[in-house]
Amino acid sequence: MKGKARALFVMISGALLLCTPHVFVAAHDARLSGWTLTDDGLPLSAVEVVLACPPAPVRRTVSDDRGHFELVNLPAGNCRLWGTKPGYVDANVEGDPYVRGLYSLRVLEGAWRDGFELRLARGVILTGRITDARGRPGKKTRVHPIRREVTNGTPRLVAV
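First, a word on scope: everything that follows refers to the structure included in this document. No experiment lies behind these values; they were computed from the predicted model shown. (Residues numbered from 1 in each chain as written. Predicted model: local features only at pLDDT ≥ 70, side-chain atom pairs only at ≥ 80, totals over all residues. Heavy atoms only, no water.)

1. Focus on the pairing of strand 3 (residues 30-38)
Reasoning step 1: Of all the nine residues making up strand 3, eight are buried; the element is thus mostly covered by neighbouring parts of the structure.
Reasoning step 2: When strand 3 meets strand 6 (residues 68-74), the two strands line up antiparallel, connected through six bridges. What sits directly across from A30, in strand 6, is L74.
Reasoning step 3: Note: strand 3 against strand 10 (residues 112-120), seven bridges, orientation parallel. Bridging from a neighbouring strand, G34 pairs with F116 of strand 10. (Buried < 20%, exposed > 50% of the residue type's maximum accessible area, 1.4 Å probe, protein only. Helix = DSSP H or I, 4+ residues; strand = E, 2+ residues; numbered from the N terminus. Pairing = 2+ DSSP bridges.)

Here is the structure:
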């Protein structure tokens with residue numbers, strides 16, 4: 001019954017309720033879906049969402065105007081899920097705590113995992129040269145980039 005939806009009606013205290021249809025899929029069809037968002041939680045469209053599950057081929061999709069993405073017919077295995085968009089810092093999904101390493105997102109055969117959030121922050125590249133008072137290259141200099149944030153009307157400097 002792959003791809004067929006069934007409506008379920010339930011009688012509770014004399015009221016007839018229509019439950020959300022469930023789509024039945026074949027047991028091997030794994031699926032991941034979620035949202036691409038700005039770091040402020042607003043929908044971010046046109047984000048390339050990538051799923052790598054070696055040795056299977058890499059899967060890609062692009063989030064829609066609402067920031068929604070979906071990857072279907074996925075292989076089972078340990079995977080890596082991330083989103084990328086020019087002008088933004090890539091966002092990764094932290095995987096399952098019981099799987100170590102970069103490919104720590106476990107995809108199980110036939111599993112549907114929904115609600116992933118990929119939050120991408122605006123990105124910049126800082127370049128420059130650090131010198132001492134005489135113009136010589138600085139040695140053992142630590143650089144700590146910061147940005148200005150305003151929270152509830154109060155500005156503050158935050159390390160990035």
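2. Here we look at the packing of aromatic side chains
Geometrically, a pair of aromatic rings is defined through the distance of the ring centres and the angle of the planes.
Reasoning step 1: One pass over the full model with this rule turns up zero aromatic pairs.
Reasoning step 2: Over the ring of W82 we find R80; its NZ or CZ atom is 4.2 Å from the centre of that ring. (Phe/Tyr/Trp six-rings, centres within 6.5 Å; stacked < 30°, edge-to-face > 60°. Lys NZ or Arg CZ within 6 Å of the ring centre and 35° of its normal.)

3. Quick word on the side chain of K85
Reasoning step 1: Position of K85 among the secondary structure elements: in the loop between strand 7 (77-84) and strand 8 (91-92).
Reasoning step 2: No salt bridge is formed by the buried K85; the nearest opposite charge belongs to D65, separated by 9.0 Å.
Reasoning step 3: At 2.7 Å, the side chain of K85 forms a polar contact with the backbone oxygen of S45.
Reasoning step 4: Among all residues touching K85, those that are not within four sequence positions of it are L44, S45, A46, V47, D90 and L120. (Lys, Arg positive; Asp, Glu negative; His and termini not counted. Salt bridge = Lys/Arg side-chain N within 4 Å of Asp/Glu carboxyl O. Polar contact = N/O pair within 3.5 Å; in protein donor to acceptor, adjacent residues only side chain to side chain. Contact = heavy atoms within 4.5 Å.)

4. Side note on the environment of P86
Reasoning step 1: One can find P86 in the loop between strand 7 and strand 8.
Reasoning step 2: Residue classification places P86 among the exposed residues on the basis of a relative accessible area of 75%.
Reasoning step 3: In sequence terms P86 and A46 are 40 residues apart; their C-alpha atoms lie 9.9 Å from each other.

5. Some points on the pattern of salt bridges
Reasoning step 1: Throughout the structure, instances matching the rule amount to six salt bridges.
Reasoning step 2: In this structure, R60 engages E48 in a salt bridge whose closest nitrogen and oxygen atoms are separated by 3.0 Å. One end of the pair, R60, is in strand 5 (residues 59-62); the other, E48, is in strand 4 (residues 48-52), with twelve residues separating them in the sequence.
Reasoning step 3: Using a relative accessible area of 55% as the deciding quantity, one classes R60 as exposed.
Reasoning step 4: On the accessibility criterion, E48 (27% relative accessible area) is partly exposed.
Reasoning step 5: R136 serves as the salt-bridge partner of D132, at 3.0 Å between the closest nitrogen and oxygen.
Reasoning step 6: Relative accessible area serves as the criterion here: at 45%, R136 is assigned to the partly exposed category.
Reasoning step 7: If you follow the salt bridges from partner to partner, you end up with R31, E70 and D114 in one network.

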